[in-house]
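As a plain string of letters, each chain reads:
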Amino acid sequence: MKLTTLFTKATATSDGVQSRRSFLQQLGLGGLLASLAGFTYQSVRSLVPNVLYEPPQKFKIGSPAMLPEGVTFLEDKRLYVFKEAQTYHAISASCTHLGCTVKHTKLNQAKTVELNGEKKTINFEFHCPCHGSKYYADGTNYAGPAPRPLRCYKLEMSPDDGQLIVDMTNEVEQSYRLTV
Ligand code: FES
């Protein structure tokens, strides 16, 4: 074999080793950077608490004068707010069985029921579409699997701007009324 051929082969082999070494170096560097990025992400993420941000449970719903007489359904809050002359009260639309939204249901015929020891005539009820629970107008459960009445919440007037405030952290008796 000629000397030049031997030299060319040796150079090619040396180039192959060189490029393999450089490839392995780059691979190692890439791995190092990737693990460094992962570590940095984990470190930063650990500074952010795992908190579930819930919507506020106490909120304004506008001026009492602006509320229409009768019932108003606040869909996003799943809440029925009632205005009867000068009184206001709020009843949750969350069924006490498994939490479906109960429907305000007009009765074809008014009926007289005993609520809080008093005979009252009602012309609507709350009906749950999921498993058939039924509640009287004041939220008392009387049919289906619902284990307890619908929740009623405290209302108050904002001292700043006179708006009605619903406080869903504050459960009240079914007979509760805010008079304005
Ligand atoms: S969720 Fe209302 S009856 Fe079951």
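See the structure shown above.
Reading the values: rules and limits
Residues numbered from 1 in each chain as written. Predicted model: local features only at pLDDT ≥ 70, side-chain atom pairs only at ≥ 80, totals over all residues. Heavy atoms only, no water. Helix = DSSP H or I, 4+ residues; strand = E, 2+ residues; numbered from the N terminus. Buried < 20%, exposed > 50% of the residue type's maximum accessible area, 1.4 Å probe, protein only. Contact = heavy atoms within 4.5 Å. Areas by Shrake-Rupley, 256 points an atom, 1.4 Å probe, with all protein chains shown as cover. Phe/Tyr/Trp six-rings, centres within 6.5 Å; stacked < 30°, edge-to-face > 60°. Salt bridge = Lys/Arg side-chain N within 4 Å of Asp/Glu carboxyl O. Pairing = 2+ DSSP bridges. Patch = residues over 30% accessible without salt bridge, like charges linked within 9 Å, V, L, I, M, F, W, Y side chains within 5 Å. Disulfide = S-S within 2.5 Å.

1. Thoughts on the overall build of the protein
Helix and strand counts for the protein come out as 1 helix and 11 strands. Mapped in sequence order, the helices and strands of the protein form the string α-β-β-β-β-β-β-β-β-β-β-β. By residue count, 28% of the 180 residues in the protein fall in the buried class. Intrachain contacts of the protein at a sequence separation of at least 6 include 39% that bridge at least 24 residues. Total accessible area on the protein is roughly 12000 Å²; 58% of this is exposed by carbon and sulfur atoms.

2. Quick word on the packing of aromatic side chains
Think of a pair of aromatic rings as described by two things: how far the centres are apart, and how the planes are tilted against each other in angle. Summed over the entire model, instances satisfying the criterion amount to 6 aromatic pairs. Between F124 and F126, the ring centres sit 5.7 Å apart and the planes meet at 85°, which makes this aromatic pair edge-to-face. Of the two residues, F124 and F126, both sit in the buried class. Grouping aromatic residues by their ring pairs yields a cluster made of F73, Y80, F82, F124 and F126.

3. Here we look at the pattern of salt bridges
Scanning all chains against the criterion turns up 6 salt bridges. Across the salt bridge formed by E171 and R148, the nearest N and O atoms sit 2.8 Å from each other. Highlighted residues: E171 in strand β10 (residues 164-172) and R148 in the loop between β8 (141-143) and β9 (152-157), separated in sequence by 23 residues. The partly exposed category is assigned to E171, whose relative accessible area is 40%.

4. Considerations on the environment of R151
Checked against the element boundaries, R151 lands in the loop between β8 and β9. Sequence separation between R151 and A90 is 61 residues; the distance between their C-alpha atoms is 8.6 Å. In contact with R151, not counting residues within four places along its chain, are A90, I91, S92, T96 and E171.

5. A few points about the pairing of strand β2 (residues 70-74)
Taken together, the 5 bridges between β2 and strand β3 (residues 79-84) define a ladder with antiparallel strand orientation. Each residue of the ladder has a partner; that of F73, found in β3, is Y80.

6. Side note on a nonpolar patch on the surface
Judged by side-chain polarity, L29, L32, L33 and L36 come together as a nonpolar surface patch covering roughly 420 Å² of accessible area. Turning to its location among the elements, L33 is positioned in helix α1 (residues 3-47). Residue classification places L33 among the exposed positions, given a relative accessible area of 52%.

7. Section: the sheet that holds strand β5 (residues 103-115)
Read across the open sheet, the 4 strands follow the order β5-β6-β7-β8; overall the sheet is antiparallel. Each having just a single partner strand, β5 and β8 make up the two edges of the open sheet.

8. Considerations on unusual backbone geometry
Positive phi, close to 50°, is recorded for R78, a residue that is not glycine. As for its placement among the helices and strands, R78 is situated in the loop between β2 and β3. Accessibility expressed as a relative area gives 29% for R78, which makes it partly exposed.

9. Section: the environment of K60
Tracing the backbone through its elements, the reader meets K60 in strand β1 (residues 58-60). The spacing of K60 and L155 is 95 residues in sequence and 9.6 Å in space, taken between C-alpha atoms. Not counting the four nearest positions on each side in its chain, K60 is found in contact with S158, D160, D161, Q163, L164 and I165.

10. Points about the state of the cysteines
Taken as a whole, this structure holds 1 disulfide when the rule is applied. Across the disulfide from C100 sits C130; the S-S distance is 1.9 Å. Between C100 and C130 the sulfur-sulfur dihedral comes to about -95°; the bridge is accordingly left-handed. With C100 in the loop between β4 (87-92) and β5 and C130 in the loop between β6 (118-127) and β7 (134-135), this residue pair connects regions lying 30 residues apart in the sequence.

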